[in-house]
Structure formats: structure tokens, C-alpha cells
Amino acid sequence: STAPLAVILAFELGLRIGEMCALKFSDIEGNYISIQRQEVREFEFVDEYTMKFKKFTIAEYTKSEDGYRDLFLTENARQIIELVREMNERNNESYEDFIFVKDGRNITHYSIQAMIKRGCEKVDMLVKTSHKIRKTYISKLIDIGLNLDEVRRIAGHSDEKTTLACYCYNRISDLKTEKKKKKAIGNQEVIKGNQKIIDFAKIKNPEKLEKSRVSG
């Protein structure tokens, strides 16, 4: 099964799970892959008022107009895709040029989520969803200082408010967060008016220190 490789690729591209299921080899041009379709649920009427799930199908459109985008393929991403191609050839798996296939058709999001669940249980951690991978990916882009509008474009969001409000999370522990806060503000000298407040932690005998003045 190539579903585990879809999980790994999710960490490289930050795609919606439905977009991952719909990727094709023909979407790749050079070092970029074009996102242009998604997996959707198809329903049918049971009676006049009730509908039930029928099957998953591939729709030739994205979640919104902003979902159409070209994403850079990292070296890791390119290696993963080539490994999938080799596995498909070895297992004689193919279906309409889809990258991730199983039993003669493209995989559904259930296959990918099952791999994530199995991995979480293996390392004894709270079971996560593919959406958590996407949030981690976007938060990481923000953490490294990438332009917010570019992060929005990569995520396929219509505006940066969605990116910041729903996909920006602190990825480090409380201890590391406190250390970063200390580094940012803990040892700075503060000047208020013409009064210089000195960091007393650096002074051996703070009780003998007289207030020093700095020229305005």
C-alpha cells in the first residue's frame, strides 16, 4: 500500500486530504505540482426527505477558486512521489494516472486516515487527523517567517484571516515558549523618559546602586 507515503507527503505539501487523494502524475511539471481537483462525497435519496452516503468520487474542481494553486515540490516530496511510482509499477497498480492507487482505483481519505490512526496508536499518542498535519504544516511556514500572503496562497485560502485564525498554532512546549519569551524581553534595559532602569540581575550589589540618569 502507498497510503503511508501519502501521510509522509502530507507533511511536505500541507494538502487537504481530499486533494491528496486526487493527485495525478500529470499534475507535475518540473518541480511544481498543480492542485486542481478533490475527492468529494456523493449522496443519494433514500426517500423524499432523506439522503445517505453513496460513494466517494473525484471532482474536477477545488474547494474554492483559491484552491487552484501550484506548489513547489521539495526534494523529499519528489523522492516520495518517485517511490510511489516505482511501487505502482511493481504492484501493477494504475488508475487514470492517479498517484495513490489501490485495488484498481484511487485511494480514498479513509486509507490515509487509517494509516495516521495506526501510526498514532503505535507510538501511544492521541490519535490525530490529516487536518492536524495541515495545521502543523501551515504553522511551520508562519514560524519561519514566510510572507503571510504566500502562506495563504500555499494553503489555498481566500484571505489571510482564515490562515491566522484557524491554522496558526504554537508548536513548541511551554518550557521552550518561556525560554523564548525570556530571550526576547527578559534581559533588555528599559528606558522610561530619561530614567534608565538597569537589569539588577547583572549587578552584584543592587542595594548600593543609585539611580542613574541619561541625558535627554
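Quick note: structure is the one above.
Just so it is clear, the model here is predicted, and its values are computed rather than measured.

Q: How should the side chain of R134 be read in this particular structure?
A: Secondary-structure assignment places R134 in helix α5 (residues 130-143). Comment: no salt bridge for buried R134; closest opposite-charge side chain is E19, at 4.9 Å. Apart from residues no more than four positions distant in its own chain, R134 is found in contact with G14, L15, R16, R69, A155, H157 and Y167.

Q: What's the story with the nonpolar core in this structure? I'm lost.
A: Here is a general trend for soluble globular proteins: nonpolar side chains tend to be buried in one another's company. In terms of nonpolar packing, the biggest core is built from 38 residues, with L9, M20, L23, I99, F100 and I112 touching the most fellow members. For this core, the secondary structure elements donating two or more residues are α1 (3-13), α2 (17-21), β2 (32-35), α3 (75-90), α4 (109-122), α5 and α6 (148-155). When residues in this core are grouped by element, the largest group, seven residues, is from α1. Look past the residues within four positions of M20 in its chain and what remains in contact with it is A6, L9, A10, L15, F100 and I112.

Q: Before we go on, may I ask you to explain the pairing of strand β4 (residues 51-59) in this structure?
A: The two faces of the sheet receive side chains in turn, since in a regular strand these alternate between them. The sheet contact formed by strand β3 (residues 38-45) and β4 spans eight bridges and is antiparallel. Looking across to β4, one finds that R41 is bridged to F56. Between β3 and β4, which pair antiparallel one after the other, the connecting turn spans five residues.

Q: Honestly, α3 in this entry has me stumped. Any pointers?
A: Residue pairs spaced three or four apart in an α-helix point in one direction, given the helix's 3.6 residues per turn. Between its first and last C-alpha, α3 extends 23 Å over 16 residues, near the 22 Å set by a 1.5 Å rise per residue. Burial in α3 covers these residues: A77, I80, I81, V84, M87 and N88. Seen along its axis, α3 keeps its buried residues to an arc of 120°; they face one direction. Turned more than 90 degrees from where α3 packs its buried face, E75, E89 and R90 sit exposed. Where α3 is buried, its residues meet α1, β1 (28-29) and β6 (101-102). After α3 finishes, the residue N92 shows a positive phi value of roughly 55°.

The rules behind these values
- Residues numbered from 1 in each chain as written.
- Predicted model: local features only at pLDDT ≥ 70, side-chain atom pairs only at ≥ 80, totals over all residues.
- Heavy atoms only, no water.
- Helix = DSSP H or I, 4+ residues; strand = E, 2+ residues; numbered from the N terminus.
- Buried < 20%, exposed > 50% of the residue type's maximum accessible area, 1.4 Å probe, protein only.
- Lys, Arg positive; Asp, Glu negative; His and termini not counted.
- Salt bridge = Lys/Arg side-chain N within 4 Å of Asp/Glu carboxyl O.
- Contact = heavy atoms within 4.5 Å.
- Core = buried A, V, L, I, M, F, W, Y, C linked by side-chain atoms within 4.5 Å.
- Pairing = 2+ DSSP bridges.
- Expected span 1.5 Å × (residues − 1).
- Arc of directions from axis to C-beta.

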